[in-house]
Amino acid sequence: MTMNTQGRPTAPASAMASVEVETVSGSKGLLQHEPLIFEMDRWNATGVDLPKTKGKTSRLGGLSRKAAVELPGLSEPETVRHYVRLSQKNYAIDLGLFPLGSCTMKHNPRLNEKMARLPGFADIHPLQPARSVQGAMELIRELEDWLLKLTNMHSVAMSPKAGAHGEYCGMMAIRQALLARGEAEPRKRVLVPASAHGTNPATAAQCGFIVDEISADKRGRVDMAAFKSKLEKSDDIAGIMLTNPNTCGLFETDIKEIADLIHEAGGYFYCDGANFNAIVGRVRPGDLGIDAMHINLHKTFSTPHGGGGPGSGPTVLSEALSPYAPWPVMVEDTSDGSGLLTYADHAGDVEGSDIEPFGRLTAFQGQMGMFVRALSYMMSHGADGLKQVAEDAVLNANYIQARLKHIMTPAFEGFCMHEALFSDKFTADGTETIDIAKALIDEGYHPMTMYFPLVVHGAMLIEPTETESKGELDRFCNALEAIAKRAAEGDESLKGAPYLAPMRRLDETQAARKPVLKWVPDNPQSVAAE
Ligand SMILES: *Cc1c(COP(=O)(O)O)cnc(C)c1O
């Protein structure tokens, strides 16, 4: 028997031969194979014991159901086990480093959750009279104040419910501001760098603008010559949508010149603030000439998102755009001298123009639970702590870049900001980015963001965030380093990864082109019998 350094027995090397083990049950180790809940068992059973109805007089007329409701019939323990087993198949930030670039998947302090569950925040209703929820409204006010101080902007719209929704808010404000000028031809052209997140061109198009792509230069930043040539004909320029730091993980060093030139051309500057984590506390977007920017509370201010929520994308606006902010806005009620916070939702005309703000963005005021989490995160860090967030996030990403650049190819020269970006240049013919990503699953990590941004061939975008320790970063780098070495040597076995996950490699092209969205029972008759 062999022993490890703590004197515990380890499996002899011969037992670890790389045979693929198939089990009868489909389960692996202590992880049970899990079918869909619909495939699990009986259709005519129920987990609840209800007394038989007495008599047979139905008052439904001819409307009573002829076939089964088609709900699975599981007992309570079966139901509990089903969902617990599914949860074991999930990867989560509470299980390990989540390297997804552009997503800022940082640890979510438990304090946030405790605060968000306080009944005064969690159990209130948007239609309650404002005077009965003054504490919650004060929290929103305080959060607005932090956001405005951190960004040095003029106002903030709190209602957008995600980053993309914030983009929509900012671009709608820009559209109204352009209309208010009363120019004969409304300006339509929005410049969007080639490296932009897909939501940017989608938002511009959704708001009725025409997207005009600007190429990146070889430093991974906006190509200034290309940008200037786009401005030669300026009378149709509505604005620019730019991410800073950009999605290549690089600070746009010409940002002030870009802001000046776009303003000179008569357009507005929308900044995608999803990467604010890299500069929070260090750079104030308002000082850079930005007119509108969303802040992903669920990225920069913790609460990693996944599976569609929860998110929140407050959008800060410059003085020029503030009159076009969506309604409602929070105001102090001065009518009765009480100073109570209340919502004003009457959309009045903007002074000197007949163009109004674009109206309401959502039914109510925004994502209360997210507001509480974000403010809890801000207040527990303090101003100095938030500055350190940015510094540590950038340090961690540069550590990864430095540790791996001897084997992987950084996409651009020099230091990065909060994410390390590699191209697939180092891989041998036959292996590619997706093989590396899938092999990471076998090593116990969720893959990095891959094939994005599009300007880098076979891109691998890794964002560790500030919450990882050096030890954790080393463990991750060791795993990725070993896989990268195999990719550089053209190790064919990478093509079959993952080997150890509940599901092996899926046909992703087929899944995207021909998604199977409806479950069809193998034997429909058995379902119909009740
Ligand atoms: C996440 C992200 C968005 C969109 O934010 P959502 O909250 O997911 O809608 C936009 N731009 C960039 C660069 C992002 O990383």
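Quantities reported herein were computed from a predicted structural model and do not represent experimental measurements. (Residues numbered from 1 in each chain as written. Predicted model: local features only at pLDDT ≥ 70, side-chain atom pairs only at ≥ 80, totals over all residues. Heavy atoms only, no water.)

### Brief notes about the packing of aromatic side chains
In this description, a pair of aromatic rings is defined by centroid distance and the angle of the planes. Throughout the structure, instances matching the rule amount to four aromatic pairs. With 5.1 Å between their ring centres and 85° between their planes, Tyr445 and Phe476 make a pair best called edge-to-face. Of this pair, Tyr445 sits in the loop between α11 (433–442) and β14 (449–450) while Phe476 sits in helix α12 (residues 470–488); the two residues are 31 residues apart in sequence, bridging distant segments of the chain. Assigned by exposure class, Tyr445 and Phe476 land together as buried. (Phe/Tyr/Trp six-rings, centres within 6.5 Å; stacked < 30°, edge-to-face > 60°. Helix = DSSP H or I, 4+ residues; strand = E, 2+ residues; numbered from the N terminus. Buried < 20%, exposed > 50% of the residue type's maximum accessible area, 1.4 Å probe, protein only.)

### Some remarks on the packing of helix α10 (residues 368–404) against α12
In the contact formed by α10 and α12, the axes pass within 10 Å of each other and the chain directions differ by 35°. Seen from above, α10 lies across α12 with right-handed handedness. Across from Asn396, Tyr399, Ile400, Arg403 and Leu404 in α10, the residues of α12 making contact are Lys470, Leu473, Asp474, Phe476, Cys477, Asn478, Leu480 and Glu481. Residue composition of the contact of α10 with α12, grouped by class: seven nonpolar, two polar and four charged. (Axes fitted to C-alpha atoms, helices over the stretch in contact; angles between N-to-C directions. Left-handed = near helix turned anticlockwise from the far one by under 90°. Contact = heavy atoms within 4.5 Å. Nonpolar A, V, L, I, M, F, W, Y, C, P; charged D, E, K, R; others polar.)

### So, the site of the ligand
By nearness alone, 13 residues border the ligand, and Ser102, Gly163, Asp272, His298 and Lys299 come closest of all. Between an oxygen atom of the ligand and a side-chain N or O atom of Asn296, the distance comes to 3.0 Å. Burial of the ligand by the protein amounts to 88% of the accessible area it has alone, namely 380 Å². The biggest single contributor to the shell around the ligand is helix α5 (residues 163–180), with three residues. Taken together, the residues of the shell around the ligand break down into three nonpolar, seven polar and three charged. (Near = heavy atom within 4 Å. Polar contact = N/O pair within 3.5 Å; in protein donor to acceptor, adjacent residues only side chain to side chain. Areas by Shrake-Rupley, 256 points an atom, 1.4 Å probe, with all protein chains shown as cover.)

### So, the domain arrangement of the protein chain
Along its sequence, the protein chain is organised into domain 1 (110–373) and domain 2 (387–513). Relative placement of domain 1 and domain 2: their C-alpha centres are 31 Å apart. Counting residues at the interface gives 23 residues for domain 1 and 18 residues for domain 2. Summed over both sides, the interface between domain 1 and domain 2 buries roughly 1,500 Å², with carbon and sulfur atoms accounting for 66% of that surface. (Domains from an automatic or database assignment. Buried area = accessible area lost by both parts, 1.4 Å probe.)

### Quick look at the sheet that holds strand β4 (residues 189–193)
Pairing in this open sheet of seven strands is mixed, and the strands run β3-β9-β8-β7-β6-β4-β5 from one edge to the other. Of all strands in the sheet, those with a lone pairing partner are β3 (155–157) and β5 (210–214), marking the two edges. With direction set aside, neighbouring strand axes in the sheet form an average angle of 25°. Contacting β3, β4, β6 (237–243), β7 (268–272), β8 (292–294) and β9 (315–317), α5 runs over the sheet at an angle of about 175° to β7. Contacting β4, β5, β6 and β7, helix α6 (residues 199–206) crosses the sheet at an angle of about 155° to β6. (Pairing = 2+ DSSP bridges.)

### Quick notes on the sheet that holds strand β13 (residues 420–423)
What the four strands build is an open sheet, ordered β12-β13-β15-β14; its pairing is antiparallel. A strand with exactly one partner marks an edge of an open sheet, and here the two such strands are β12 (409–410) and β14. Relative to β13, β12 is paired through two bridges, and the arrangement is antiparallel. Pairing of Pro410 across the sheet is with Phe422, part of β13. Each of β12, β13 and β15 (460–462) is contacted by α10, which is oriented at about 30° to β13, the strand it contacts most.

### Notes on unusual backbone geometry
Note the cis peptide between Asn244 and Pro245, where omega equals -10°. Omega for the bond connecting Trp327 with Pro328 falls within 30 degrees of zero, at 0°, which places this linkage in the cis form. In this fold, Pro328 is placed in the loop between β9 and β10 (329–332). Backbone geometry at Ser302 places phi at a positive 70°, although glycine is not the residue there. Inspection of the secondary structure puts Ser302 in the loop between α9 (297–300) and β9. Residue Ser302 is classed as buried on the basis of its relative accessible area, which comes to 1%. Here Thr465, not a glycine, exhibits a phi torsion of approximately 65°, which is positive.

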